[in-house]
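# Residue-level structure breakdown
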Amino acid sequence: MQRRTALKQLGFLAGGALLLPSCLGKQTAKEATIQLSNIAFNGNQESTLAAMCEALIPKTDLPGAREVNAHHFVLRMMNDCYEPDAQQKFLKGFAQAQEAFEEKSGDAFEESTLAEQQAFLKDIEADKVSVEGENNLKFFYEPFRGHTIQAFLGSEYIMTNVFGYNMIPGTFKGAVEINANTDLKTILG
Amino acid sequence: MNINVDGKAQNTFDAIVIGSGISGGWAAKELGEKGLKTLVLERGRDVKHNVDYPTTNMKPWEFEHKGQLPLSVIQENPIVSRCYAFKEDAAHFFVKDNEHPYVQDKPFDWIRGYQVGGKSLLWARQTQRWSQLDFDGPKRDGFAVEWPIGYADLAPWYSYVEKFAGISGNKDGLAELPDGEFLKPMEMTKVESYFKEKVAAKYKDRHVIIGRCAHITDPQPIHTQQGRVKCQHRDLCQRGCPFGGYFSSNASTIPWALKTGNVTLRPHSVVHSIIYDEQKGRATGVRVIDSETKEATEFFANIIFVNAAALNTNLILLNSTSSRFPKGLGNDNGLLGKYVAFHNYRARISAEYEGFDNFTKYGNRPNGCYIPRFRNVHKQETDFLRGYAAGFSGSHNIERSYDGVGDELKNNLLHPKLGKWHVGSHMMGETIPKESSYVALDADKKDAWGIPQLRISMDYDDNDEKMVKDYMEQMTEMFTEAGFTNIKASDDHRAPGLDIHEMGGVRMGKDPKTSLLNKWNQLHACKNVFVTDGACMTSTATQNPSLTYMAFTARAVDYAVKQINAKEL
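Residues numbered from 1 in each chain as written. Chains lettered and ligands numbered in written order. Predicted model: local features only at pLDDT ≥ 70, side-chain atom pairs only at ≥ 80, totals over all residues. Heavy atoms only, no water.

### Here's the deal with the overall build of chain A
Looking only at helices and strands, chain A features eight helices and one strand. When its helices and strands are written in sequence order, chain A yields α-α-α-α-α-α-α-β-α. Counting only residues that meet the buried cut, chain A has 53% of its 189 residues in that class. Sequence-distant contacts, at least 24 apart, represent 58% of the contacts inside chain A between residues at least 6 apart. Summed over its atoms, the accessible surface of chain A is roughly 9,000 Å², and 49% of this surface lies on carbon and sulfur atoms. (Helix = DSSP H or I, 4+ residues; strand = E, 2+ residues; numbered from the N terminus. Buried < 20%, exposed > 50% of the residue type's maximum accessible area, 1.4 Å probe, protein only. Contact = heavy atoms within 4.5 Å. Areas by Shrake-Rupley, 256 points an atom, 1.4 Å probe, with all protein chains shown as cover.)

### Topic: the overall build of chain B
Counting secondary structure elements, chain B contains twelve helices and 24 strands. For a compact globule of 569 residues, the expected C-alpha radius of gyration is about 25 Å, and chain B comes in at 24 Å, within 12% of that figure. The buried share among the 569 residues of chain B stands at 63%. Considering only contacts in chain B between residues 6 or more positions apart, those separated by 24 or more positions represent 72%. When the accessible surface of chain B is totalled, it reaches about 20,400 Å², and 49% of it is carbon and sulfur. In chain B, which carries 70 positive and 70 negative side-chain charges, the distance between the mean positions of the two groups comes to 3 Å. (Rg over C-alpha atoms; globule rule 2.2 N^0.38 Å. Lys, Arg positive; Asp, Glu negative; His and termini not counted. Charge placed at Lys NZ, Arg CZ, Asp CG, Glu CD.)

### A few points about the packing of aromatic side chains
Residues and elements named next belong to chain B. Across all of its chains, the model carries 40 aromatic pairs over all chains by this definition. Ring geometry for Trp26 and Phe164: centres 5.5 Å apart, planes at 70°, overall edge-to-face. In this pair, Trp26 is assigned in helix H1 (residues 22-33) and Phe164 in helix H5 (residues 151-165), connecting sequence segments 138 residues apart. For Trp26, a relative accessible area of 0% gives the class buried. By relative accessible area, which is 6% here, Phe164 ends up buried. Of the aromatic side chains, those joined through ring pairs into one cluster are Tyr194, Phe195, Tyr353, Phe356, Phe392, Trp421, Phe479 and Phe484. Over the face of the ring belonging to Trp449 we find Lys294, whose NZ or CZ atom lies 5.9 Å from the ring centre. (Phe/Tyr/Trp six-rings, centres within 6.5 Å; stacked < 30°, edge-to-face > 60°. Lys NZ or Arg CZ within 6 Å of the ring centre and 35° of its normal.)

### Concerning the layout of surface pockets
Space inside the second largest pocket adds up to approximately 1,000 Å³. Along its surface, the second largest pocket is lined by 29 residues, and Met159(A), Tyr165(A), Leu188(A), Pro60(B) and Asn364(B) are the ones closest to its centre. Looking at the lining of the second largest pocket, the elements that each hand over two or more residues are helix H6 (137-153) and helix H8 (184-188) of chain A together with strand E15 (359-362) of chain B. Among the residues forming the lining of the second largest pocket, the class breakdown is twelve nonpolar, seven polar and ten charged. (1 Å grid on protein atoms, 1.4 Å probe; cavity = no way out; pocket = protein on both sides within 12 Å on 5 of 7 lines; lining within 4 Å. Points joined across faces, edges and corners; volume = space filled by probe spheres on them. Nonpolar A, V, L, I, M, F, W, Y, C, P; charged D, E, K, R; others polar.)

### Considering the packing of helix H2 (residues 43-56) of chain A against helix H4 (residues 84-105) of chain A
All names here are of chain A. Between H2 and H4, the shortest axis-to-axis distance is 12 Å and the interhelical angle comes to 75°. The pairing of H2 with H4 is recorded here as roughly perpendicular in orientation. Mapping the contact onto sequence places Gln45, Thr48, Leu49 and Met52 in H2 and Phe94, Ala97 and Gln98 in H4. (Axes fitted to C-alpha atoms, helices over the stretch in contact; angles between N-to-C directions. Parallel < 35°, antiparallel > 145°, perpendicular 65-115°, else oblique.)

### Re helix H11 (residues 462-481) of chain B
Since one α-helical turn is 3.6 residues long, residues separated by three or four positions face the same way. All names here are of chain B. For H11, spanning 20 residues, the distance from its first C-alpha to its last is 29 Å, which sits close to the expected 28 Å at 1.5 Å a residue. Along H11, the positions that sit buried rather than exposed are Asn463, Asp464, Met467, Val468, Asp470, Tyr471, Met472, Gln474, Met475, Met478 and Phe479. Between the side-chain oxygen at the start of H11 and the backbone nitrogen of Asn463 there is a gap of 3.0 Å, and the oxygen is on Asp461. After H11 finishes, the residue Gly483 shows a positive phi value of roughly 80°. (Expected span 1.5 Å × (residues − 1). Polar contact = N/O pair within 3.5 Å; in protein donor to acceptor, adjacent residues only side chain to side chain.)

### Some points on the pattern of salt bridges
Across all of its chains, the model carries 38 salt bridges over all chains by this definition. Taking the shortest distance from any N to any O, the salt bridge between Asp123(A) and Lys104(A) comes out at 2.9 Å. Linking Asp123(A) in helix H5 (residues 114-125) with Lys104(A) in helix H4, this pair joins segments that are 19 residues apart in sequence. Take Lys104(A): its relative accessible area is 53%, and that puts it in the exposed class. Across the pair Glu30(B) and Lys29(B) runs a salt bridge, and its minimum N-O distance is 2.6 Å. (Salt bridge = Lys/Arg side-chain N within 4 Å of Asp/Glu carboxyl O.)

### Here we look at the interface of chain B and chain A
The interface is formed by 51 residues belonging to chain B together with 55 residues belonging to chain A. A combined buried area of about 4,400 Å² lies between chain B and chain A, and 65% of that area is made up of carbon and sulfur atoms. Viewed at the interface, chain A and chain B are joined by one salt bridge. Arg76(A) is the partner of Glu64(B) in a salt bridge, and the nearest nitrogen-oxygen pair spans 3.2 Å. At the junction of chain B with chain A, the criterion picks out 21 residue pairs in polar contact (both at pLDDT 80 or more). (Buried area = accessible area lost by both parts, 1.4 Å probe.)

### What to know about the nonpolar core
The nonpolar side chains of a soluble globular protein tend to be buried, and buried together. Ile18(B), Ile274(B) and Val286(B) are the most contacted members of the largest nonpolar core, which totals 100 residues. Per-element accounting of this core gives the leading share, eight residues, to H5(B). Filtering out sequence-adjacent residues up to four positions away, Ile274(B) remains in contact with Ile18(B), Ala283(B), Gly285(B), Val286(B), Arg287(B), Ile304(B), Val306(B), Ile316(B), Leu317(B), Ser320(B), Leu329(B) and Val529(B). Listed in part, the 49 residues of the second largest apolar core include Met77(A), Leu121(A), Ala151(A) and Leu184(A). (Core = buried A, V, L, I, M, F, W, Y, C linked by side-chain atoms within 4.5 Å.)

### Thoughts on empty space enclosed by the protein
Residues and elements named next belong to chain B. Enumeration over the complete set of coordinates arrives at three cavities of 30 Å³ or more. The volume enclosed by the largest cavity comes to roughly 90 Å³. Lining of the largest cavity is provided by 14 residues; of these, Arg234, Asp235, Leu236, Cys237 and Cys241 occupy positions nearest its centre. The class makeup of the residues in the lining of the largest cavity is seven nonpolar, five polar and two charged. A volume near 70 Å³ is recorded for the second largest cavity.

### Some thoughts on the environment of Met508(B)
All names here are of chain B. With respect to the element layout, Met508 can be found in the loop between strand E22 (503-505) and strand E23 (522-523). With a relative accessible area of 0%, Met508 lands in the buried category. In the structure, Met508 is positioned 31 residues away from Ser539 in sequence and 9.3 Å away in space, judged by C-alpha atoms. Contacts of Met508, omitting those with residues within four sequence positions, involve Val145, Glu146, Trp147, Pro148, Ser515, Leu517, Asn518, Lys519, Asn521, Cys536, Thr538 and Phe552.

### What to know about unusual backbone geometry
Residues and elements named next belong to chain B. Not every positive phi belongs to a glycine, and Arg125 is a case in point at roughly 65°. Positionally, Arg125 belongs in the loop between strand E4 (103-104) and helix H3 (132-135). A positive phi angle is found at Tyr339, which is not glycine, with a value near 60°. Topologically, Tyr339 is positioned in strand E12 (residues 338-341).

### Thoughts on the packing of H2(A) against H6(A)
Residues and elements named next belong to chain A. Orientation of H2 relative to H6, taken along the N-to-C sense of each, is 65°, at an axis distance of 10 Å. Crossing hand, H2 versus H6: right-handed. Here Leu49, Met52, Cys53 and Leu56 of H2 come into contact with H6, specifically with Phe140, Tyr141, Phe144, Arg145 and Thr148. Split into classes, the residues belonging to the contact of H2 with H6 amount to seven nonpolar, one polar and one charged. (Left-handed = near helix turned anticlockwise from the far one by under 90°.)

### Thoughts on the side chain of Gln117(A)
Along the chain, Gln117(A) turns up in helix H5. The contacts of Gln117(A), once residues within four sequence positions are left out, are Ala51(A), Ala55(A), Phe101(A), Phe109(A), Glu110(A) and Ser112(A).

### Notes on the state of the cysteines
Residue and element names in this part refer to chain B. On inspection of all chains with the given rule, the structure shows zero disulfides over all chains. Left unpaired, Cys241 is separated from the closest cysteine sulfur, that of Cys237, by 6.6 Å. Overall, the relative accessible area of 12% leaves Cys241 in the buried class. Free of any disulfide, Cys369 has its nearest cysteine sulfur in Cys213, 11 Å distant. (Disulfide = S-S within 2.5 Å.)

In structure tokens form, the structure reads like this:
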């Protein structure tokens, strides 16, 4: 039922036809791995979003956005903390981003190279992506970007291993001298 | 009302305390320690120290929305959502708007905590003594009525409660803000110490001091006996502190009271009214409605302490009618519910400072700096009455670039730097209690327990407007003098209530014709009823009020028990 609603939603968003590449040929979409009550999002879309998050903050010697489940956080926030109008514009903008990407590269977003993906995100930021009809890209891109960054910086891995988060400092010192500007744990202490 | 008569003996105590928040907890402790069989009635659920703090050890990444509340919660609760602490980690300790409606004759954001411990779990923990200058206010400036007590009456009780609660502070030696029994002060940051020096150099009567707060910085045996240890500087107080590092009824007075074996705590007990016996000429007990079953029960006692929090104490007394007191218990003069007031928190100021580049802080400080009132302190100097205190704090901004996509963005995010210092302050203005500021019972609307809803009517006046303007001007001058830049002063025009310092309505005074309570916090007209929460306040001064309620409560219990022992009560 949820899947059918999701498909219907997608059809509507794409102008009545199921043009979304991840659905083409299969006519089915897998279920998302996150339960959402207010926005319709299927598993294929989830994979695309995860790839977008990862393109924004890729894995290096430290985890990237996918590994810290940033895509789930983006969806959780969109589902729970936004007005219905913002939710719909987010979905429309997401669909437009998918479409625009495919039109440009011929491939689905998650099936292209990181370089292509990142070039596309830069194009969105530079307002260089054109879409047909009302442009909702920024209503997708801004919350997507903001919450991906929030999920990354607020992840257990980054907070503990990089920034030295300590829930129980035990004491407070008002004037601590910093010896090096690279001494993150002191700076953030 | 369907009364469950449980056998009067079983429902009879030496004392009843209505409310288990900051003052009710103290009443329970003092009465229990003095051997009185005491029933503590709390309208909300039980919150046991360290058992019922579900979020206290959660890490930032464990919160589903990283601290933010879902939109539906905010939309369903527009009033409490305006409170700074109503967030994902502590929302469960706040009253939700629709569960406990009230009538706003004028806009008033009434922030409440209905559970054992009340708002003592949520308070900002700032604890300053009043000075004689504050008690002199109404008489000197001709408003409200004269206080029936002075600093000397309260000073030993301030000491008494401070030692037990654990108050951190610096002995600053200021006449306008008497020193207390302090545990060691918390440290100032670089920019705060700098501002303190700058202000001291320019103004002989203005002082920037470290906040005096109810945190254990140097545990004494009395704190260890309570099972409380040193503040760990987590700064997550609103979740309930597993260390008991700050004072709450839950961590301190309530378990202490229960340990005496004399105190019975009864959660889910909504007090409908106080029972007045016409023949005996005294209050004999309270009518309670079970919040869950709605069953009514009566409890009886020789003395009753009303500590339901300022406005709810007014509500209970107004709803306690009898042929002797048709307008509410003790309300012979018709002033019950009137002369309520609050603290004016409308204005704030922020700025930046460049310097101390290689300094930061370690740990989190659940405290700030404090600027005691400096306007009209010893004599009238401005075109408004009274004055304001101010909070102040300064911390080194952590800046990072959020630019780029991919590796560039990631690299930026992972390399924050110290930027300029951020400094900020907010005002805490004394407001003048007036007859036109009142709470009253609504004639028709009732709550889910059949109790009339409270109508609230208080507002800012011209004096408050002038004070907001003066705060912004004076702080701008002080910030400019200190070389702060990008100074921004603003007035958020918030409704009264968000200060969570509502006071009065059952004011103390010398004359039964113009006040409700005498100098021992007894109702003039019903001496076995004591009011020692914010409702008793004749004027508001500028101090955060809880410490004063604690001192009033301990003092009143001491008096009550002496009177009982002397067969006077």
